Amino acid sequence: MQIYKELYIGGEWVQPAGTQTMQVVSASTEEVIGECPDGTPADIDRAVAAARAAFDDGPWPTMTPVERAAVLSRLSQALQGKAQDIADTISAENGSPKQWSLMGQVFSATMVLDTYARLAGEYQWEDTRAGMMGNSVLVRKAPVGVVAGIIPWNVPLFIAALKLGPAMVTGCPIILKPSPETPLDSFFLAEAAIEAGVPAGVINIVPAGRETGEHLVRHPGIDKVSFTGSTAVGQHIGEVCGGQLKRCTLELGGKSAAIVLDDAVLDDHLLGELVQSGLMNNGQVCGAQTRILVSRNRYDEVVSALGDAMGALKVGDALDDSTQIGPLAASRQRDRVEGYLEAGRSAGARVVVGGGRPKDLPKGWFVEPTLFADVDNSMKIAREEIFGPVLSVIPYEGEDQAIKIANDSDYGLCGSVWTADPSHGAQVAARVRTGVVAVNGSMILDFNSPFGGFKKSGIGRELGPEGITPYTELQSIILPA
């Protein structure tokens, strides 16, 4: 049991304003594994006040980016020292398999922080331009202000890092609101912030539910909201921020397509990467390649090979070293995924492998890795984000139709192209209307490059130097001749 009774606000542990607590339940065992305060609007008010003091009166925004980057580097190092404990906690919270969690949940987060620490010294924070009257103009990027970072449950520390990194190097204090499903790992982050000597008010963490999150988004002391989560909630947050003329970035859902071209060599490496691209973190990844597009010439071959590969995956307790597919994060999430399994069958899709709960795992929110064949792109399972270990194989006639099917989606977050000719694969990738497209690989992002989506997959970008810009405001200082 991990029990926390205080919140991290203003650089110290403080008593919560309310008495309600959150109980955290293991996704694998359905047993209570921890408890922490359930943050209230009053706690948010206190956190915003601490962040505003750090921004309006403290030295944080006036320090150089390189000075702030040094603090960020110390935070990364402190997290690395707690890596295994954090990874195990996240695996227990949301079912992330242990063999994926250390790198995918923790070290990826510290790599993001390290990337932003490096970018702080490379980013063009200001430039001097020739003015129209023989004078000069200093154009600078000033910090946007106090930031609200709203964190989902699927990769909580990593997504917190996507917001912490740019906020800290630009000089923006931040209030993080972890999800009720995964609040425990955020207390390790708070401990690391103390260890790293992060100045008071620069990082504040208030685990809370939806009502308190709404208060955070609407708070007049917040200058920018950075949200990662569902498209429906993102649309609501965008409306609130628009009404208040508040800056926001939204990283939302996806229904990404993997295009398997006819010349792709269907060896163990390709199959492993293709399965990984769709089922990493139990399929609970926004950029998962869950629509597999295959030409009719090779359809039966690919479906058979994918079915064999998915059927061989080890399903089990997230903290078992041999587990490849763990449970879903919550009971309601399993119910949601099972609803899609029934929708696929009802629409006429064929279950190749999986399709239900593992019979040997009566405890835990498990769903078998499931492959649907004979899927039409109009079916619900091909249109909506399932967020579970479910893949659909969709046939196409010719490369142009494959691209058309890939682009026939409300979403545009990620995609992939699989081919023996990477140069041609890049040409195909350029025709796919998504923010990131991988060629012959399962990577859905690169820390040096922008990540984000077209269409309903969001607004704005994270990572790379482009991830810093949304945390800044442009200011022109017109100098005399």
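Structure's up top.
A short tour of the structure in this document, coming up. (Residues numbered from 1 in each chain as written. Predicted model: local features only at pLDDT ≥ 70, side-chain atom pairs only at ≥ 80, totals over all residues. Heavy atoms only, no water.)

**Quick word on the sheet that holds strand E4 (residues 21-25)**
Reading across the sheet, the three strands line up as E1-E5-E4 and stay open at both edges, with mixed pairing between neighbours. Of all strands in the sheet, those with a lone pairing partner are strand E1 (2-3) and E4, marking the two edges. Relative to strand E5 (residues 32-37), E1 runs parallel, the two being bridged by two bridges. The partner of Gln2 across the bridge, within E5, is Gly34. Strand contacts of helix H3 (residues 83-94): E1, E4 and E5, with the helix running at about 90 degrees to E4, the strand carrying the most contacts. (Pairing = 2+ DSSP bridges. Helix = DSSP H or I, 4+ residues; strand = E, 2+ residues; numbered from the N terminus. Contact = heavy atoms within 4.5 Å. Axes fitted to C-alpha atoms, helices over the stretch in contact; angles between N-to-C directions.)

**Digging into the sheet that holds strand E7 (residues 136-143)**
Taken in spatial order, the three strands of this open sheet run E6-E7-E23, and their pairing is antiparallel. Either end of the sheet is taken by a strand with one partner, and the two such strands are strand E6 (126-130) and strand E23 (472-478). For this sheet the average axis-to-axis angle between neighbouring strands, irrespective of direction, equals 25 degrees. As judged from the five bridges shared by E6 and E7, these two strands associate in the antiparallel manner. Residue pairing across strands places Arg129 opposite Val137, the latter belonging to E7.

**Some words on unusual backbone geometry**
For Leu245, which is not a glycine, the phi torsion comes out positive at approximately 50 degrees. What makes Leu245 exposed here is its relative accessible area of 69%. Phi at Asn282 is positive, roughly 65 degrees, even though this residue is not glycine. Relative to the helices and strands, Asn282 is located in the loop between helix H9 (268-279) and strand E14 (289-295). (Buried < 20%, exposed > 50% of the residue type's maximum accessible area, 1.4 Å probe, protein only.)

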